[in-house]
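Given next are the chains, with one letter for each unit.
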Amino acid sequence: MSTQRGYYTADEVREAEAELFTRVPDGVPMQRAAYGLATVVAGELRARTGGVAGRSVTLLVGSGDNGGDALWAGSMLRRRGVAVTAVLLNPARAHAKALAALGKAGGRLSTEVGRPDLVVDGIVGISGRGALRPDAAELVASLRVPIIAADLPSGVDPDTGAITGPAVRADVTVAFGAYKPVHVLAAPHCGRIELVPIGLRLPKPNLAALEPASIGASWPVPNATDDKYSQGVTGVCAGSAEYPGAAVLCTGAAVAATSGLVRYAGTGAADVLAHFPEVIATEHVSEVGRVQAWVFGPGAGTDTDAHERLVEILATDLPVVVDADGLTLLAAEPELVRGRTAPTVLTPHAGEFARLTGVEVGDDRVAAVRALAEDWQLTVLLKGRATLVATPGAPVLVNEAGASWAATAGAGDVLSGIIGALLAAGHAPAWSAAAAARAHSLAANLAAHEGHPEAAPISATPLLEHLRPAIRTLRALARPVI
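Throughout, a residue's number is its position along its own chain's written sequence, starting from 1. Whole-chain, interface and lining totals are the exception, using all residues; otherwise, since this is a predicted model, local features are given only for residues with pLDDT of at least 70 and side-chain atom pairs are given and counted only at 80 or more. Side-chain measures were taken over the full set of non-hydrogen atoms in the model, leaving aside hydrogen atoms and water.

## Some details on the nonpolar core
Then step 1. Residues belong to one nonpolar core when they are buried, are Ala, Val, Leu, Ile, Met, Phe, Trp, Tyr or Cys, and are joined through side-chain atoms within 4.5 Å. Classification of residues uses two cut-offs on accessible area relative to the type maximum, computed with a 1.4 Å probe and protein chains only: under 20% is buried, over 50% is exposed, and between them is partly exposed. Judged by nonpolar contacts, the single largest core of 57 residues is most densely connected at Trp 219, Ile 418, Ile 419 and Leu 467.
Then step 2. Only DSSP runs of H or I covering at least 4 residues are called helices, and only runs of E covering at least 2 are called strands; the numbering of each starts at the N terminus. For this core, the leading source of residues is helix α17 (residues 429–449), giving twelve residues.
Then step 3. Should any heavy atoms of two residues lie within 4.5 Å, those residues are counted as being in contact. Apart from the residues within four sequence positions on either side, Trp 219 is in contact with Ala 257, Thr 258, Ile 418, Leu 422, Trp 431, Ala 435, Ala 439, Ile 471 and Arg 475.
Then step 4. Membership of the second largest hydrophobic core comes to 51 residues, among which are Ala 10, Leu 59, Val 82 and Leu 102.

In structure tokens:
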């Protein structure tokens, strides 16, 4: 079972392509890419219109290889009876052989998009940077039909997913040879991703996503010899008089994420026990008893008492997750964790990240989260639709949520509780954070769609309620197909 999906930068892909060119005849990689693109376009025509022959496709063609891929694909579609029109944005630099092939197959050139069934975006490839130029932006803005992007949506940065101006928003993106960071960091602009292998030999990725089936296979569940202590004991210090709900949500997540035992310390003991009587609750950290990992911060406050509780927890040799108010305390006193040798996970959103580092996240979120993890020598989970997890010396892990249903108050409290439970079960910090992010986003999506054909906004409570179904779904993916 593959455990990760790798995402490769433009430089990494170009290096792999250079090696490929030494093994295959000239033009073969482009033919492979074009054939894959034509196959996807034909499939979309069939799915959307009921047929292929007699349908029409317009190619938006830029200079360079991406335009060549689109033109070659157009020639292949012509042989299947598709009416193909190419709009050349830079005629002098269009790929000559591919343009000739399209003409020989009966394709035509135009300065207008016309009224096609589909449009293929072949404007720029992985060498492109920045927003669409005015002429291309005007053409794209005029489109009212589905768009299939060749390799990546033009106008979106291939390595960071940054969008700084007009850009293509594709319904489908056909990735050539490898997934690129844009495909996960700017997923809403990519639509569905279809990978076309072209024979690249790729290195170990520096950006990767855990495969859901591998998460399900490794999720902690009791075996025949387990008891409540051996399954992982999670300590939670969260909530306050002002935010008692944070204690309930965070503790409830640790319970639902299959901790064998959850111990709570804080002023919200009565509220926690009212919702989860199986939790052992007390007011003081020193009275909690043995735990195997701690979660600190959601709704905990930033006063002297909260500071003392954080110091006490960080003084242990146990794994610790620090979230929310705990991050505010660390921003003022980073030395509390910068020298810590036990596993430590910080879970900031963009605003908290800026407080911790003194700078905004910026367009390159992968570089930003990696830099903080290396500087502070700990694991950092940077929240977002594409959540990033960085650990020193390891690939950055990414979880694309598929939607933004978890962007709601209290959802972060749930996430930190899940991470704590996985750490208590003995999993590594990066895996715990990335696996928790996947289960968390799946629970949010299940909650948003429950009982309705159309999704609707949710709150943190139904997200928590759908955590166990999300875990069951992940575990079901790990079962072998007979």
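Structure's up, so let's keep going.
## Looking at the sheet that holds strand β10 (residues 233–237)
Strand pairing in a sheet is mediated by backbone hydrogen bonds. Such pairs are either parallel or antiparallel.
Then step 1. Across the sheet, eleven strands lie side by side as β1-β9-β18-β17-β16-β15-β14-β13-β10-β11-β12; this open sheet has mixed pairing. Pairing within the sheet leaves two strands with one partner each, and these edge strands are β1 (4–7) and β12 (280–282). The sheet shows a mean angle of 20 degrees between the axes of neighbouring strands, taken without regard to direction.
Then step 2. For strand β16 (residues 379–382) and strand β17 (residues 386–390), the ladder comprises three bridges, and the chain directions are antiparallel. Its bridge partner being in β17, Leu 382 is matched across the sheet by Leu 388.
Then step 3. Along the sheet, helix α15 (residues 365–376) makes contact with β9 (207–210), β15 (344–346), β16, β17 and β18 (396–400), crossing β17 at roughly 30 degrees. Strand pairing follows a simple DSSP-based rule, namely that at least 2 bridges must link the two strands. Working convention: axes come from line fits to C-alpha atoms, limited for helices to the stretch in contact. Angles between N-to-C directions cover 0 to 180 degrees.

## Some details on the layout of surface pockets
Think of a ball as big as a water molecule: rolled over the atoms, this probe shows where empty space is left.
Then step 1. Looking at the largest pocket, its volume works out to about 1100 Å³.
Then step 2. Put simply, the grid is 1 Å and covers the protein atoms alone, a cavity is a trapped set of points that fit a 1.4 Å probe, a pocket is an open set with protein on both sides within 12 Å along at least five of seven lines, and lining residues have an atom within 4 Å of a point. Lining of the largest pocket is provided by 40 residues; of these, Ser 63, Gly 64, Asp 65, Asn 66 and Gly 125 occupy positions nearest its centre.
Then step 3. Looking at the lining of the largest pocket, the elements with two or more residues in it are α1 (10–21), α2 (28–49), α3 (65–78) and α5 (134–141).
Then step 4. For this scheme, ten residues count as nonpolar: Ala, Val, Leu, Ile, Met, Phe, Trp, Tyr, Cys and Pro. Four count as charged, namely Asp, Glu, Lys and Arg, and the remainder, Gly too, count as polar. Its residues assigned to classes, the lining of the largest pocket comprises 15 nonpolar, 13 polar and twelve charged.
Then step 5. Taken as a whole, the second largest pocket holds about 560 Å³ of empty space.
Then step 6. Lining the second largest pocket are 28 residues, with Lys 383, Ala 406, Thr 408, Ala 411 and Gly 412 sitting closest to its centre.
Then step 7. Breaking the lining of the second largest pocket down by element, the ones donating at least two residues are α16 (411–424) and α17.
Then step 8. Sort the elements by how many residues they give to the lining of the second largest pocket and α16 lands first, with four residues.
Then step 9. Considering only residue class, the lining of the second largest pocket consists of twelve nonpolar, eleven polar and five charged. Grid points are joined across faces, edges and corners, and a volume is the space filled by probe spheres set on the points.

## Side note on the packing of aromatic side chains
Then step 1. For Phe, Tyr and Trp, where Trp contributes only its six-membered ring, two rings pair if their centres lie within 6.5 Å, and the inter-plane angle classes them as stacked under 30 degrees, edge-to-face over 60, or tilted in between. The full count for this structure, using the stated rule, is one aromatic pair.
Then step 2. Arranged with centres 5.9 Å apart and planes meeting at 55 degrees, the rings of Tyr 7 and Tyr 179 form a pair that is tilted. Here Tyr 7 is found in strand β1, whereas its partner Tyr 179 is found in the loop between β7 (172–176) and α6 (182–185), with 172 residues between them in sequence. Across the pair, exposure class does not vary: Tyr 7 and Tyr 179 are buried alike.
Then step 3. Above the face of the Tyr 179 ring, Arg 5 is positioned so that its terminal group lies 4.1 Å from the ring centre. Here, over-ring charges are defined by two tests on the NZ atom of lysine or the CZ atom of arginine: distance to the ring centre within 6 Å, and angle to the ring normal within 35 degrees.

## Some words on the UniProt feature "domain: YjeF C-terminal" (unreviewed entry) in the protein
Then step 1. UniProt positions are given in the numbering used here, feature names are shortened, and annotations may be inferred rather than shown by experiment. Taking the numbering used here, the UniProt-annotated feature "domain: YjeF C-terminal" (unreviewed entry) corresponds to residues 211–474.
Then step 2. Secondary structure within residues 211–474 divides into 45% helix and 14% strand; the distance between the first and last C-alpha atoms comes to 10 Å.

## Thoughts on the environment of Leu 88
Then step 1. Secondary-structure assignment places Leu 88 in strand β3 (residues 83–88).
Then step 2. Note on Leu 88: relative accessible area 17%, which makes it buried.
Then step 3. Put simply, Leu 88 and Ala 136 are 48 residues apart on the chain and 10.0 Å apart in space, counted from C-alpha to C-alpha.
Then step 4. Among residues more than four places away in sequence, those in contact with Leu 88 are Val 61, Leu 71, Ala 94, Leu 99, Leu 109 and Ser 110.

## A short note on the packing of α3 against helix α4 (residues 96–105)
For any two helices packed against each other, the geometry comes down to the angle between their axes and how far apart the axes lie.
Then step 1. Two elements in contact, α3 and α4, have axes whose closest approach is 8 Å; the angle formed by their N-to-C orientations is 20 degrees. Here α3 is positioned roughly parallel relative to α4, judged by the angle of their axes. The handedness of the crossing between α3 and α4 comes out as left-handed. Residues Gly 68, Leu 71, Trp 72, Gly 74, Ser 75 and Arg 78 of α3 touch α4, and the partners they reach there are Lys 97, Ala 98, Leu 99, Ala 101, Leu 102 and Ala 105.
Then step 2. For the contact of α3 with α4, the per-class residue count stands at seven nonpolar, three polar and two charged. Under this scheme an angle from 65 to 115 degrees is roughly perpendicular, one under 35 degrees roughly parallel, and one over 145 degrees roughly antiparallel; angles in between are oblique. Less than a right angle of anticlockwise turn of the near helix away from the far helix marks a crossing as left-handed, whereas a clockwise turn marks it as right-handed.

## Topic: a negative patch on the surface
Then step 1. Grouping into patches uses exposed residues only, defined as over 30% relative accessible area, and leaves out salt-bridged ones; the cut-off is 9 Å for like charges and 5 Å for nonpolar side chains (Val, Leu, Ile, Met, Phe, Trp, Tyr). Here the accessible surface of atoms and residues is derived via Shrake-Rupley with a 1.4 Å probe, and residues count as covered only by protein chains that are part of the display. Within this document, salt bridges are pairs made up of a side-chain nitrogen of Lys or Arg and a carboxyl oxygen of Asp or Glu, the two lying within 4 Å of each other. Charged residues are defined here as Lys and Arg on the positive side and Asp and Glu on the negative side; His and the ends of the chain fall outside this count. Charged groups are reduced to one reference atom each: NZ for lysine, CZ for arginine, CG for aspartic acid, CD for glutamic acid. On the surface, Glu 242, Glu 283, Glu 287, Asp 303, Asp 305, Glu 308 and Glu 312 cluster together into a patch of negative charge.
Then step 2. Among the structural elements, Glu 283 can be located in the loop between β12 and β13 (293–296).
Then step 3. Residue classification places Glu 283 among the partly exposed positions, given a relative accessible area of 46%.

## A few points about the side chain of Asn 399
Then step 1. Of note, Asn 399 is situated in strand β18.
Then step 2. Asn 399 sits in the buried class, given a relative accessible area of 7%.
Then step 3. Here Arg 438 takes part through its side chain, which lies 2.9 Å from a polar atom of the side chain of Asn 399.
Then step 4. Non-local contacts of Asn 399, meaning those with residues more than four positions away in its chain, are made with Arg 385, Ala 386, Thr 387, Ala 437, Arg 438 and Ser 441. Counted as a polar contact is a pair of N or O atoms within 3.5 Å, where, for protein atoms, one must be capable of donating a hydrogen and the other of accepting one, and residues adjacent in sequence contribute only when both atoms are in side chains.

## Examining the sheet that holds strand β4 (residues 108–110)
Then step 1. The seven strands lie next to each other as β4-β3-β2-β5-β6-β7-β8, forming an open sheet whose pairing is parallel. Two strands in the sheet have a free side with no partner beyond their single neighbour: β4 and β8 (192–196). Looking at each pair of strands side by side, their axes are set apart by 25 degrees on average, direction ignored.

## Overview of the environment of Asp 11
Then step 1. Tracing the backbone shows Asp 11 in helix α1.
Then step 2. Exposure remark for Asp 11: the relative accessible area of 53% places this residue in the exposed category.
Then step 3. Asp 11 sits 13 residues away from Val 24 along the chain, and the two C-alpha atoms are 20 Å apart.

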